[in-house]
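As a plain string of letters, each chain reads:
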Amino acid sequence: FNPDRDILDEEEIMVLYNKHMPVARLAEIRDAYLFMCFTGYAYKDTALLSPDHVTKFFDGEDWIMKNREKTWCRENVPLLPIAKEIIDRYKNHPICVANGTLLPIKSNQKFNTYLKEIAEICGINKNLTTHTARHTFATTVTLANGVPLETVSALLGHKSIRTTQIYAKIVAKKISEDMKELKKALQLKMPVSMLEEKAVA
């Protein structure tokens, strides 16, 4: 299991969000993928979500409340603005109305094929799959923005925090790489005299 290769960073998420899709089926797949990036729900769980799963919770906010298909653990997730916007977009979609679902989701096999097309249109050189959306939520969307590990573990419906720790390692690795790049950039910008003074000191 090595999910770090194809996790989207914030810039790529925004490219995906803002890109005009040439056909409706690609726009629908892109929206479903973004929805997973902002909720952490796995493909199967997302496909089964119905309007009944959206609830105003104790804090007055909209949450999705559902048991995970895989583990039957509860996965309660407050809706972030982009996820909410996507749900609103498909409220009256014929497929959603007919099936009583939140999103018009196609079969998994097709889904991943269309994601490859979408990545090409967006110039994202990564292998996007239904799994990478959940990994993106765990890393770029939550942990990298300071959400504590325990909270991310609960959001993902993990039985054990050990399962979530792999994501914390991925984020730490990314921070380390970014800081190395920053160090190089700063060395290029700092006047030689400053660097020499440091060396003498």
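Residues numbered from 1 in each chain as written. Predicted model: local features only at pLDDT ≥ 70, side-chain atom pairs only at ≥ 80, totals over all residues. Heavy atoms only, no water.

Trainee: Quick question: what am I supposed to make of the pattern of salt bridges here?
Mentor: Opposite charge on two side chains permits pairing when their charged atoms draw close. With the rule as written, the count across this model stands at 12 salt bridges. Linking Arg30 and Asp31 is a salt bridge whose minimum nitrogen-to-oxygen distance equals 2.8 Å. Neither residue differs from the other here; Arg30 and Asp31 are each classed as buried. The partner of Lys91 in a salt bridge is Asp88, with the nearest N and O atoms 3.7 Å apart. When its relative accessible area of 47% is taken as the criterion, Asp88 is described as partly exposed. (Salt bridge = Lys/Arg side-chain N within 4 Å of Asp/Glu carboxyl O. Buried < 20%, exposed > 50% of the residue type's maximum accessible area, 1.4 Å probe, protein only.)

Trainee: Quick question: what am I supposed to make of the packing of helix H2 (residues 24-39) against helix H6 (residues 108-122) here?
Mentor: Packed helices, taken two at a time, are described by the angle between their axes plus the distance between the axes. Contact geometry for H2 and H6: axes closest at 10 Å, N-to-C directions at 95°. One way to sum up the angle between H2 and H6 is to call them roughly perpendicular. Taken together, the residues of H6 that come into contact with H2 (itself represented by Arg25, Leu26, Ile29, Arg30, Ala32, Tyr33 and Met36) are Phe111, Tyr114, Leu115, Glu117, Ile118 and Ile121. For the contact of H2 with H6, the residue count by class is 10 nonpolar, no polar and 3 charged. (Axes fitted to C-alpha atoms, helices over the stretch in contact; angles between N-to-C directions. Helix = DSSP H or I, 4+ residues; strand = E, 2+ residues; numbered from the N terminus. Parallel < 35°, antiparallel > 145°, perpendicular 65-115°, else oblique. Contact = heavy atoms within 4.5 Å. Nonpolar A, V, L, I, M, F, W, Y, C, P; charged D, E, K, R; others polar.)

Trainee: When you look at the packing of H2 against helix H4 (residues 81-89) in this model, what are you seeing that I'm missing?
Mentor: The N-to-C vectors of H2 and H4 enclose an angle of 145°; their axes lie 9 Å apart at closest approach. Handedness of the crossing formed by H2 with H4: left-handed. Packed against H2, whose contacting residues are Asp31, Leu34, Phe35, Phe38 and Thr39, the element H4 presents Ile82, Ala83, Ile86, Ile87 and Arg89 at the interface. (Left-handed = near helix turned anticlockwise from the far one by under 90°.)

Trainee: Help me understand the packing of aromatic side chains in this model?
Mentor: Two aromatic rings are characterised by how far apart their centres lie and by the angle between their planes. The tally for this structure, following the rule as stated, stands at 4 aromatic pairs. On the basis of an interplanar angle of 50° and a centroid distance of 6.2 Å, the ring pair of Phe58 and Trp63 is categorised as tilted. Take Phe58: its relative accessible area is 68%, and that puts it in the exposed class. Accessibility expressed as a relative area gives 14% for Trp63, which makes it buried. Linked through ring pairs, Phe57, Phe58 and Trp63 together constitute an aromatic cluster. (Phe/Tyr/Trp six-rings, centres within 6.5 Å; stacked < 30°, edge-to-face > 60°.)

Trainee: Looking at this model, I keep getting lost on a nonpolar patch on the surface. Mind explaining?
Mentor: Together, Ile175, Met179, Leu182 and Leu186 make up an exposed nonpolar region whose accessible area comes to about 360 Å². With respect to the secondary-structure elements, Leu182 resides in helix H9 (residues 161-189). (Patch = residues over 30% accessible without salt bridge, like charges linked within 9 Å, V, L, I, M, F, W, Y side chains within 5 Å. Areas by Shrake-Rupley, 256 points an atom, 1.4 Å probe, with all protein chains shown as cover.)

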